[in-house]
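If you want the building blocks of each chain, they are given just below.
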Amino acid sequence: MLGAMVRAYAILGDEAYRAAAERNLAFLQSRLWQPAFSQGSHPSKISDPAPSDHAEARREGPPNTLYHRWRDGGRDTVQLLDAYAFLLSGVIDLYEATLEPRHLDFAVALAETMLTKFYDKDNGGFWQAAPDSADLILRVKEDYDGAEPSGNSVAILALLKLGAITDRKEFRDAAEKSLRPFADRLHQLPQAVPYLLLGLDYWLEEPKRAVIVGDPNAANTRALIHAAHGVYQPNKVVLGNTGRVEPFAKTLPVKDTPMVFLCTGTACQPPTSDAATIRKLLK
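Since we're looking at a predicted model, the values are computed, not measured.

Novice: What should I look at first to understand the overall build of the protein in this one?
Specialist: In terms of regular secondary structure, the protein is built from twelve helices and eight strands. In terms of C-alpha radius of gyration, the protein reaches 19 Å, essentially the compact-globule figure of 19 Å for 283 residues. The dimensions of the protein, computed from C-alpha atoms along their principal axes, are 55 × 50 × 35 Å. Within the protein, the fraction of its 283 residues that count as buried is 50%.

Listed below in structure tokens is the structure:
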């Protein structure tokens, strides 16, 4: 739902969809997300930690926790890959549509936690349940993309996108290694894994990066963000030049007005602030 609301905002520019997405994420963070550094905190007091806080938490405390269900103040203890992967995908969508660094911080925290809890470092792929689940006969790696895509498919594509935005090698490497266990399935029965095919296609070629330089809350910057999302180009990412973005984006010059740099690797098209030009370059 978060991703759907965000995509509606990114394409249509209707602020009501952005507001709904922001409220949804705020609820999930306050009621279902428990950062490691504040395991004893009341859920309503939870907020996004600074980047250094995440690092400190990983060294000294238990891992972050995303709970699966909330009702009337009560949470369960179920830990499932799908919850982490789907929320990660939605938060990345929200970052790309708003360029708010705090959303990118949260996406990184989710990805790191997902890798800690579910990633099979030896063979690649993601387990459906955490290793400390006491009531499982066996642990599985689901790959079937039915009415909903599998947690593996969503996790792989989300990590590839986040790796492109942040230039974090461990995200890209985990996604690549996780494609390998499903190679036979992709080859022999691709119709069963359509979302995984999106991840494979994204991995095969370096994505285009639309780096938007300017205040993300300014009206003219938001117009450029909507233009970058106005063309169906699945193998791209939209990012700003502040926060945890890849180092090259931070080297791009800041202009008097917001600009968009369309880049592949370290090669960029001349910057532009014209929406029609952005759409043309992305096709």
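Novice: Help me understand the packing of aromatic side chains, please; the structure alone is not making it clear to me.
Specialist: The description of an aromatic ring pair rests on the distance of the ring centres and on the angle between the ring planes. Summed over the entire model, instances satisfying the criterion amount to four aromatic pairs. An angle of 85° between the planes, with centres 5.2 Å apart, marks the rings of Trp-33 and Phe-106 as edge-to-face. With a gap of 73 residues between them, Trp-33 in strand S1 (residues 33–34) and Phe-106 in helix H5 (residues 101–118) connect regions that are remote in the sequence. Side by side, Trp-33 and Phe-106 carry an identical accessibility label, which is buried. Positioned above the aromatic ring of Trp-127 is the side chain of Lys-141, whose terminal nitrogen or guanidinium carbon lies 4.7 Å from the ring centre.

Novice: Sorry, what's going on with helix H1 (residues 2–12) here?
Specialist: Helical geometry note: an α-helix holds 3.6 residues per turn, so side chains three or four residues apart project in the same direction. All of the buried residues along H1 are Leu-2, Gly-3, Val-6, Ala-8, Tyr-9 and Ala-10. Against helix H2 (15–31), helix H4 (81–98) and helix H10 (219–229) lie the buried residues of H1.

Novice: What is the right way to read the state of the cysteines from this model?
Specialist: The bond known as a disulfide is covalent and runs between the sulfur atoms of two cysteines. This model, assessed by the stated rule, comprises one disulfide. Each sulfur in the disulfide pair Cys-263 and Cys-268 lies 2.1 Å from the other. Classification of the bridge connecting Cys-263 and Cys-268 rests on its S-S torsion, roughly 100°, and on that basis the disulfide is right-handed. Judged by its relative accessible area of 32%, Cys-268 is partly exposed.

Novice: Would you mind showing me how to read the sheet that holds strand S7 (residues 259–264) here?
Specialist: Backbone hydrogen bonds hold the strands of a sheet together, and the pairing may be parallel or antiparallel. The strand order across the open sheet formed by four strands is S6-S5-S7-S8, and the pairing between neighbours is mixed. Every interior strand has two partners, whereas the edge strands, strand S6 (236–239) and strand S8 (267–268), have only one. In terms of strand pairing, strand S5 (residues 208–213) meets S7 through five bridges, oriented antiparallel. When the bridges of S7 are listed, Ile-212 appears paired with Val-260.

Novice: Looking at this structure, how should I read the side chain of Glu-22?
Specialist: Residue position: Glu-22 is located in helix H2. For Glu-22, the contacting residues outside a window of four places in its chain are Leu-94, Thr-98, Arg-102 and His-103.

Novice: Honestly, the nonpolar core in this entry has me stumped. Any pointers?
Specialist: Burial of nonpolar side chains together is a common tendency in soluble globular proteins. Of all hydrophobic cores here, the largest spans 76 residues; its most connected members are Leu-87, Leu-88, Leu-110, Met-114, Phe-126, Leu-159 and Leu-162. Residues within four places of Leu-159 in sequence aside, it is in contact with Leu-88, Ala-111, Met-114, Leu-115, Phe-126, Phe-171, Arg-172, Ala-174 and Ala-175.

Novice: Help me understand the side chain of Lys-236 in this model?
Specialist: One can find Lys-236 in strand S6. Glu-96 is the oppositely charged side chain nearest to the buried, salt-bridge-free Lys-236, at an N-O distance of 6.3 Å. From its side chain, Lys-236 meets the backbone oxygen of Gln-233 in a polar contact 3.5 Å long. With residues up to four places along the chain from it excluded, the contact list for Lys-236 reads Glu-96, Tyr-202, Pro-207, Lys-208, Ala-228, His-229, Val-231 and Leu-282.

Novice: Got a minute to help me understand the environment of Arg-7 in this structure?
Specialist: The residue Arg-7 is located in helix H1 in this model. Residue Arg-7 is classed as partly exposed on the basis of its relative accessible area of 47%. Between the C-alpha atoms of Arg-7 and Arg-31, which are 24 residues apart in sequence, the distance is 24 Å. In terms of polar contacts, Arg-7 uses its side chain to reach the side chain of Asp-93, at 2.9 Å.

About the thresholds
- In this numbering scheme, every chain counts its residues from 1 along its sequence in written order.
- Under the rules for a predicted model, residues below a pLDDT of 70 receive no local features and side-chain atom pairs below 80 are neither given nor counted, while totals for whole chains, interfaces and linings still include all residues.
- Note: side-chain values were computed over all heavy atoms of the structure, leaving out hydrogens and water.
- We count a stretch as a helix when DSSP gives it H or I for four or more residues in a row; a strand needs E for two or more, and each element gets its number in order from the N terminus.
- The quantity called the radius of gyration is restricted to C-alpha atoms. Its globule counterpart is 2.2 Å times the number of residues to the power 0.38.
- Partly exposed describes any residue whose relative accessible area lies between the buried limit of under 20% and the exposed limit of over 50%, with all areas from a 1.4 Å probe on protein chains only and scaled to the type maximum.
- Two rings belonging to Phe, Tyr or Trp (six-membered ring only in the last case) form a pair when the distance between their centres is within 6.5 Å. Interplanar angles under 30 degrees mark stacking, angles over 60 mark edge-to-face geometry, and anything in between is tilted.
- We count a charge as sitting over a ring when the NZ of a lysine or the CZ of an arginine lies within 6 Å of the ring centre and within 35 degrees of the ring normal.
- By definition, residues are in contact when any of their heavy atoms lie within 4.5 Å.
- Defined by distance alone, a disulfide is two cysteine sulfur atoms within 2.5 Å.
- Two strands qualify as a pair provided DSSP detects at least 2 bridges between them.
- Buried Ala, Val, Leu, Ile, Met, Phe, Trp, Tyr and Cys residues that are joined via side-chain atoms within 4.5 Å together make up what is termed a nonpolar core.
- Positive residues here are Lys and Arg, negative ones are Asp and Glu, while His and the chain termini are left out of the count.
- Salt bridge, as used here, is a side-chain nitrogen of Lys or Arg placed within 4 Å of a carboxyl oxygen of Asp or Glu.
- Any N or O atom pair separated by 3.5 Å or less is treated as a polar contact, with the protein-specific requirement of one donor-capable and one acceptor-capable atom, and with residues adjacent in sequence counted only for side-chain atom pairs.

Don't take any of this as a statement about function, it's just geometry.
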